[in-house]
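Examining the three-dimensional arrangement
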Amino acid sequence: MSSEVGSGSEARKGHRLLRRIGWVLLATALSATSFAGLAFAGVSASMADSFAAAPRGSGARAWPAARPVPPGRITVAVAVGNAGSVATDVLAPYQVFAESREMFVYTVAAERRVSPLSGGAHLLPDHTLAEVADGTLPEPDVVVVPAVTDPTGAGEEGLRRWIVERHRKGARILGVCAGSELLAASGLLDGRDATSFWSNIGSLERRYPKVNWKRGQRYVEDGRVTTTAGVTSGTVGALRVVEELAGETEATRIGTGLSYPGWTPDGPTAIPANHLALGDLPYALNAAFPWLRPTTAIGLVDGVEEVDAAAAVEGYGGVSFATRTVVVGAGDTVTTRHGLVLVTRPATGDAHGADRFVVPGVREASGLGTALSGWARRNGLTTELPDEGRRSGEFGFDPVLRDLAEHSDRRTALATAKFSEYPSAHLELTGAPWPWRSTLLAGATVVLSVGVGLAPTATRRAMRRRRLPQMVPGPPRGVRAHGNGLS
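Right, let's walk through the structure included here. Remember, it's a predicted structure, so these values are computed and weren't measured experimentally.

Focus on the overall build of the chain
Across its full length, the chain carries 14 helices and 20 strands. In summary, the chain has a C-alpha radius of gyration of 30 Å against a globular reference of 23 Å for 487 residues, an excess of more than 25%. Counting only C-alpha atoms, the chain reaches 120 × 60 × 45 Å along its principal axes. For the chain, with 487 residues in total, the buried portion stands at 49%. Taking as baseline every contact in the chain between residues at least 6 positions apart, the subset at least 24 positions apart corresponds to 73%. Accessible surface for the chain amounts to roughly 22,400 Å². Of this, 56% is attributable to carbon and sulfur atoms. Looking at charge distribution, the chain has the averaged site of its 51 positive side-chain charges lying 16 Å from that of its 47 negative ones.

Quick look at the side chain of T323
When you line up the elements, T323 lands in the loop between α10 (306-318) and β13 (324-329). The exposure class assigned to T323 is buried, which follows from its relative accessible area of 10%. Within the local environment of T323, its side chain forms a polar contact with the side chain of T296, the two groups lying 3.2 Å apart. At 2.8 Å, the side chain of T323 and the backbone oxygen of Y316 are in polar contact. In this view, T323 contacts R293, P294, T296, Y316 and G317; residues no more than four positions away in its chain are not counted.

Regarding the pattern of salt bridges
Evaluation of the coordinates by the stated rule reveals 25 salt bridges. As a salt-bridge pair, K169 and E139 come within 3.7 Å of each other at their nearest N and O atoms. Here E139 lies in the loop between α3 (129-133) and β6 (142-145) and K169 lies in the loop between α4 (157-168) and β7 (172-175), a separation of 30 residues in the sequence. Classification of K169 as partly exposed rests on a relative accessible area of 46%. Within this structure, E139, E165, R166, R168 and K169 form a network of salt bridges that share partners.

Looking at the nonpolar core
Residues V76, F97, L117, V144, V242, F357 and W375 are the most contacted members of the largest nonpolar core, which totals 86 residues. Examining the composition of this core, we find that eight residues originate from one element, helix α2 (residues 87-98), more than from any other. Those residues in contact with L117, other than ones at most four positions away along the chain, are S50, F51, S85, A87, V90, L91, H122, L123 and L342. Grouped together as the second largest cluster of nonpolar side chains are 29 residues, Y106, V108, I173 and W213 included.

Considerations on the pairing of strand β11 (residues 225-228)
The side-chain alternation of β11 yields two buried faces, one formed by V225 and T227 and the other by T226 and T228. Relative to β11, β7 runs parallel, the two sharing three bridges. Bridging across to β11, I173 finds its partner in V225. Remark: two residues form the turn of the hairpin made by strand β10 (residues 219-222) and β11, two consecutive strands paired antiparallel; G223 in that turn has positive phi of roughly 65 degrees.

Points about unusual backbone geometry
Of note in this structure, V231 is not a glycine but carries a positive phi near 40 degrees. Structurally, V231 is set in the loop between β11 and α7 (233-246). Residue classification places V231 among the buried positions, given a relative accessible area of 5%. Phi is positive for L292, which is not a glycine, with a value near 70 degrees.

So, the packing of helix α12 (residues 397-407) against helix α13 (residues 410-419)
Viewed as axis vectors pointing N to C, α12 and α13 meet at an angle of 150 degrees, and their least axial separation amounts to 7 Å. With respect to each other, α12 and α13 are oriented roughly antiparallel. Contacts between α12 and α13 involve L401, L404 and A405 on the former and, on the latter, R410, T412, A413, T416 and A417.

Observations concerning the sheet that holds strand β18 (residues 383-384)
What the five strands build is an open sheet, ordered β16-β13-β12-β17-β18; its pairing is parallel. Strands with a single pairing partner mark the edges of an open sheet, and in this sheet they are β16 (345-346) and β18. Bridge count for strand β12 (residues 295-300) against β13 is six bridges, and the pairing is parallel. In the sheet register, T295 faces β13, and the bridge partner there is R324. Packing against the sheet, α10 makes contact with β12, β13 and β17 (356-358), and its axis sits at approximately 175 degrees to β12.

Cut-offs and rules
Residues numbered from 1 in each chain as written. Predicted model: local features only at pLDDT ≥ 70, side-chain atom pairs only at ≥ 80, totals over all residues. Heavy atoms only, no water. Helix = DSSP H or I, 4+ residues; strand = E, 2+ residues; numbered from the N terminus. Rg over C-alpha atoms; globule rule 2.2 N^0.38 Å. Buried < 20%, exposed > 50% of the residue type's maximum accessible area, 1.4 Å probe, protein only. Contact = heavy atoms within 4.5 Å. Areas by Shrake-Rupley, 256 points an atom, 1.4 Å probe, with all protein chains shown as cover. Lys, Arg positive; Asp, Glu negative; His and termini not counted. Charge placed at Lys NZ, Arg CZ, Asp CG, Glu CD. Polar contact = N/O pair within 3.5 Å; in protein donor to acceptor, adjacent residues only side chain to side chain. Salt bridge = Lys/Arg side-chain N within 4 Å of Asp/Glu carboxyl O. Core = buried A, V, L, I, M, F, W, Y, C linked by side-chain atoms within 4.5 Å. Pairing = 2+ DSSP bridges. Axes fitted to C-alpha atoms, helices over the stretch in contact; angles between N-to-C directions. Parallel < 35°, antiparallel > 145°, perpendicular 65-115°, else oblique.

Set out below in structure tokens:
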């Protein structure tokens, strides 16, 4: 009898233990799911801000005709995805090639409609893929392929086929950063050496095993296909193509003017093989927890250098995710120094929620123009010029990264440089050491997620308490209650 009672007691204890473990596992799963869901929502919001819809009314207007392609020049086509492309992957190589006296560069997309760039910028492509395919335009000698938002999807199938056909007809291909994924998806990299943005290479190796992926290289050449490391590496890759097609003297002249840190025509291609580290946490925090972040209005003026515009939209928003960015111009469009048409919000309305107003590439207030200065004054914004104190021989990312560190934090600026694959050892940064806003939001999200995980257990216990009867003590056994006394 006693053994049966003992075994029953042990069974009940085991059952209670299993139930407790189940509740713990449920709480852990709910907490993890809640945290992941909120972080995913934050990343989605950050990406939506980065590749924002075109300014209102820009889809219905008639655009100016593109510049004609002059005969006798080396022709470069910079391809963009209509759904979105990384700004620096497009703008930096564009400026490199456009600086050459022997080259002519234009942008091309599936349709001639406003195309988002990272960081809230928008581009009007010069030509369509069909204009090249049907012979309306001459075949390009070089095709630049940036990172696009959907490199493997059906929406870019036409672009992938177009690039393969251009290569078949003799064009050199320059894949910038994650543009190598679009090239790999097209099959063009099968059996070739190639590189890409450092954090992408692991997944690319698994998905495209026929490609010989290389780490720690600024660019990799294999026949008429060149691929580069992340973001700003497209500048160096483009200079290499200029050197091969237009000569070392031309590449040296352009590269010296741009002042990319450490670049020389005969310099090494090896760079640090980056890996994720604790110091990169601000990148994830800023992307996953964008709420309550400030808004930076980026003012662009006609004649702005393409690299300077790219540095601003990427540094303040597209790579750092430190702020929400809106791009403002004197009118509906801004034409860059080398003829690229960027679509902007006209400086005629409100401040679009901006907390700051920065104008890249302008070193004196006199270069701002009355439209932008008047817009800032009406909206109570101080015009800030990151390039005002720009030193001789600096690349366009330097003043923006210094300003980002000062107004956000140093760690975010360094992570932005790393995720742009930009050398940062020479930078002297001041400002807060860490992104406290996004860190505090992450902590609050952890607390909220733990609360969600514990909610079922708390609810269950509350319901059990409500079901338990009120235990009122009765008289001792053998004693009968009678009236208000005992007998």
